[in-house]
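Chain by chain, the residues:
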Amino acid sequence: MPRTQQVKITCPRCQQPFVSDITTIIEADDDVLAERLAAGELNKIDCPTCPFQGMVSYPVVYHDRQHRVLLAAIPGLEAMGEEDVWNAVGEDLQWVVGAMPPARQNDEYLYHPRLLPTLEILSGAVSALRRGVDADTAIRAVYRSQLLQALLMTGKDVNTRRALFRESPDLADEEMLGILNSMIDESLRDANLSSAARLTDVRDDLATHLRNTTGLRRIREHVEQRRPDLDSTGLTGSNEEGRR
Ligand SMILES: [Zn+2]
């Protein structure tokens, strides 16, 4: 069952406080709410004082008991310690466990929610989950699309681009190279040349980055493999016997 709470909110535009209904727990079998979350339409507020309309930055928990998926979006997560996280979603997580049949209240996944830093990421992941994608793939796809967006914003700034590649070695990979190639083909088909040029810059830098990191890995592996030989010659200095 969903959980909706009356929450005191401060309007981000006019700073006036007001009370609004905020949904903090969504169960996957609740199609209306789950669809609203997937569409990025959950917890939209209308300020009673000014014309502001928008999504509220408030923690939201998504639970799919059939597929054993428990996700929690916690705005500001990056700066939080464990206690802050517990304060933000602990009550909701207990509520989720309490709503399960007793026989399933010890299910392991209930005690290891995946924490996501924004409601947008949760929306994207839920949208993919509802299309039948598994949780790992769904979350990975959202992070990947965020990285792509960030990369496309870098323009001619190669250094920022390289830093982004280095920060996300598990996302900036051959698969992303393939995605970029198909995006370039698509832009060319649509005769969108500026988009194709931007994508090509990113693609070429990623290709160089992957070539370099692969090259470095090969050298490292090669050295590791050669080590026993080097040791037996005593050239590495680690084998005193061999030197004499
Ligand atoms: Zn307002």
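Residues numbered from 1 in each chain as written. Predicted model: local features only at pLDDT ≥ 70, side-chain atom pairs only at ≥ 80, totals over all residues.

Student: Provide a residue-level description of the confidence of the model for the protein chain, including the pertinent values.
Tutor: Per-residue confidence for the protein chain averages 88 on the pLDDT scale, and 93% of its residues sit at or above 70. In the model of the protein chain, helix α8 (residues 240–243) stands out as the element of lowest mean pLDDT, 46, in contrast to strand β5 (residues 60–64), which has the highest, 96. In the predicted structure, residues 238–244 sits below a pLDDT of 50 and forms 7 contacts with residues beyond four places in sequence or in another chain. (pLDDT = per-residue confidence, 0-100. Helix = DSSP H or I, 4+ residues; strand = E, 2+ residues; numbered from the N terminus. Contact = placed C-beta atoms within 7 Å.)

Student: Residue-level account of the packing of helix α3 (residues 119–130) against helix α4 (residues 135–152), with values.
Tutor: Two elements in contact, α3 and α4, have axes whose closest approach is 8 Å; the angle formed by their N-to-C orientations is 135°. When the axis of α3 is compared with that of α4, the two are oblique. For α3 against α4, the interelement crossing comes out right-handed. Here I121, G124, A125, A128 and L129 of α3 come into contact with α4, specifically with A135, A138, I139, A141 and V142. For the contact of α3 with α4, the per-class residue count stands at 9 nonpolar, 1 polar and no charged. (Axes fitted to C-alpha atoms, helices over the stretch in contact; angles between N-to-C directions. Parallel < 35°, antiparallel > 145°, perpendicular 65-115°, else oblique. Left-handed = near helix turned anticlockwise from the far one by under 90°. Nonpolar A, V, L, I, M, F, W, Y, C, P; charged D, E, K, R; others polar.)

Student: An account of the packing of helix α1 (residues 31–38) against α3 is needed here, citing residue identities and associated values.
Tutor: The contact between α1 and α3 brings their axes to 7 Å, and the two run at 125°. The angle between the axes of α1 and α3 places the two elements in the oblique class. Residue-level inspection shows A34, L37 and A38 of α1 in contact with α3, the latter providing L122, S123, V126, S127 and R130. Classifying every residue of the contact of α1 with α3 by side-chain character gives 5 nonpolar, 2 polar and 1 charged.

Student: Could you give an account of the environment of E27, with specific residues and numbers?
Tutor: By the element assignment, E27 lies in strand β2 (residues 17–27). Through-space distance from the C-alpha of E27 to that of R65 is 7.8 Å; in sequence the pair is 38 residues apart. Ignoring anything within four residues of it in the chain, the contact list for E27 reads M1, P2 and H63.

Student: Can you lay out the domain arrangement of the protein chain for me, pointing to particular residues and giving the numbers?
Tutor: How big an interface is tends to be reported as the loss of accessible area on association of its parts. You can read the domains of the protein chain as domain 1 (3–133) and domain 2 (167–233). Summarising the inter-unit geometry, the C-alpha centres of domain 1 and domain 2 are found 36 Å apart. (Domains from an automatic or database assignment.)

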